[in-house]
Amino acid sequence: MPTLLPPTVIRTHPVMGTMASVHVHDRIDASEIDRAVEAMWFELDRLEDVFSTFRSTSAISRINSGDLHVLDAGPEVVEVLDACTWLEHVSDGAFRARRPGNTTIDPAGFVKGWATELAAQRLDQAGLRQWYLSVGGDIQTRGTAGNGAPWRVAIADPNNNARHAIRAIVEVAGDAVATSGTAARGRHLWDGRTDQPARSLASMTVVGPHLTWADAFATAAFVMGLDGVDWVTRFAGYRALAITLDGEVVRRDEQWAQPATSAQTPQLSMA
């Protein structure tokens, strides 16, 4: 008799101006899965309320309007802004939470990956072991797919306007995958060093253990251009894949065969 695969539970939720989706392959009662997923959606919504620059009542908006001091905004805000400062330093200014000459704080380039990873811990706490979560295409995984194979994540072709055009595939089992580029929103990423749109690449994908840093590194590395592929390899367990304006896929094969064991990322309080 063939082994029956567990049914896939799929749930979606609008958040942060995009759509989140989770696929769960655990052999657990669907009602238990739904409770864990609802707790995760609640956490994502809560974090959007804190960090959205589009909501006048968010902590970030109140800081920018002068109604709230950073140190009074709570430990999560301080942690995120500290992480943005660290990322600005290690990227030599390619990543910035403030545009040059502008005092307005916008940590969006960091928050989505961090918030997604933080909220996904509700699935871990519920005992789920085989799932992937995507928020706007940034993905955190656990375990493997229902058939025991790695999760296969498609990288969109940013140079092809055809819907669902794919340029590359990466396989992960527990790692995160984040892509920054032009496929969905055009040239929306700015070089913090020049205050100009980043124009060197079509996309940059980073794979590593934590979506927090995969997402942040993808943003910074995209701004750096092809130099960003090597820059990502400075950090333990992270590797990058770039797609050029001509459609070439660039990666360091030795890095994909054996992740780096160099610089460490800051430890954040993922409670």
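Being a predicted model, the structure only gives us computed values, none of them experimental.

Caption draft 1: A look at the packing of helix 3 (residues 75–90) against helix 4 (residues 108–125). Contact geometry of helix 3 with helix 4 gives a least axis separation of 11 Å together with a crossing angle of 130°. Judged by the inter-axis angle, helix 3 sits oblique to helix 4. Considering how the two elements wind past one another, helix 3 and helix 4 form a crossing that is right-handed. Residues E76, E79, V80, A83 and C84 of helix 3 pack against F110, V111, W114 and L118 of helix 4. Here the contact of helix 3 with helix 4 is built from residues that sort into seven nonpolar, no polar and two charged.

Caption draft 2: View of the side chain of S58. In this fold, S58 is placed in the loop between helix 1 (30–51) and helix 2 (59–65). Here S58 falls in the buried class, since its relative accessible area comes to 0%. What S58 contacts, discounting residues up to four positions off in sequence, is D49, V50, F51 and S52.

Caption draft 3: Focus on the sheet that holds strand 11 (residues 239–244). Pairing is antiparallel in the open sheet, where eight strands are placed in the order 1-2-3-4-7-10-11-12. Two strands lie at the open edges of the sheet, namely strand 1 (9–15) and strand 12 (249–251), each paired on one side alone. Shown here is a sheet whose adjacent strand axes are inclined to one another by a mean of 15°, direction ignored. Pairing of strand 2 (residues 18–24) with strand 3 (residues 131–135), which is carried by five bridges, proceeds in the antiparallel orientation. When the sheet's bridge partners are listed, H23 is paired in strand 3 with Y132. Packing against the sheet, helix 4 makes contact with strand 2, strand 3 and strand 4 (138–142), and its axis sits at approximately 150° to strand 3. On top of the sheet, helix 5 (residues 211–224) reaches strand 4, strand 7 (176–181) and strand 10 (201–208); it is set at about 25° to strand 7, its chief contact.

Caption draft 4: Up close: the packing of helix 3 against helix 5. Contact geometry for helix 3 and helix 5: axes closest at 11 Å, N-to-C directions at 45°. Considering the angle they form, helix 3 stands oblique to helix 5. Crossing angle aside, the handedness with which helix 3 passes helix 5 is right-handed. Contacts between helix 3 and helix 5 pair A83, W86 and L87 from the former with W213, A216 and F217 from the latter. When the residues that make up the contact of helix 3 with helix 5 are grouped by side-chain class, the tally is six nonpolar, no polar and no charged.

Caption draft 5: Structural detail: the pattern of salt bridges. Here the structure, examined in full by the defined rule, presents twelve salt bridges. Among the ionic pairs, R152 bridges to E171, the shortest N-O distance being 3.2 Å. On the criterion of sequence distance, the pair formed by R152 in strand 5 (residues 151–156) and E171 in strand 6 (residues 166–172) is long-range, its members being 19 residues apart. E171 sits in the partly exposed class, given a relative accessible area of 48%. The partner of R239 in a salt bridge is D175, with the nearest N and O atoms 3.6 Å apart. Of this pair, R239 sits in strand 11 while D175 sits in the loop between strand 6 and strand 7, and the two are 64 residues apart along the sequence. D175 matches R239 in its accessibility class, with the two residues each being buried. Taken together, the shared-partner salt bridges connect E43, R46, E76 and R122 into one network.

How each quantity is defined
Residues numbered from 1 in each chain as written. Predicted model: local features only at pLDDT ≥ 70, side-chain atom pairs only at ≥ 80, totals over all residues. Heavy atoms only, no water. Axes fitted to C-alpha atoms, helices over the stretch in contact; angles between N-to-C directions. Helix = DSSP H or I, 4+ residues; strand = E, 2+ residues; numbered from the N terminus. Parallel < 35°, antiparallel > 145°, perpendicular 65-115°, else oblique. Left-handed = near helix turned anticlockwise from the far one by under 90°. Contact = heavy atoms within 4.5 Å. Nonpolar A, V, L, I, M, F, W, Y, C, P; charged D, E, K, R; others polar. Buried < 20%, exposed > 50% of the residue type's maximum accessible area, 1.4 Å probe, protein only. Pairing = 2+ DSSP bridges. Salt bridge = Lys/Arg side-chain N within 4 Å of Asp/Glu carboxyl O.

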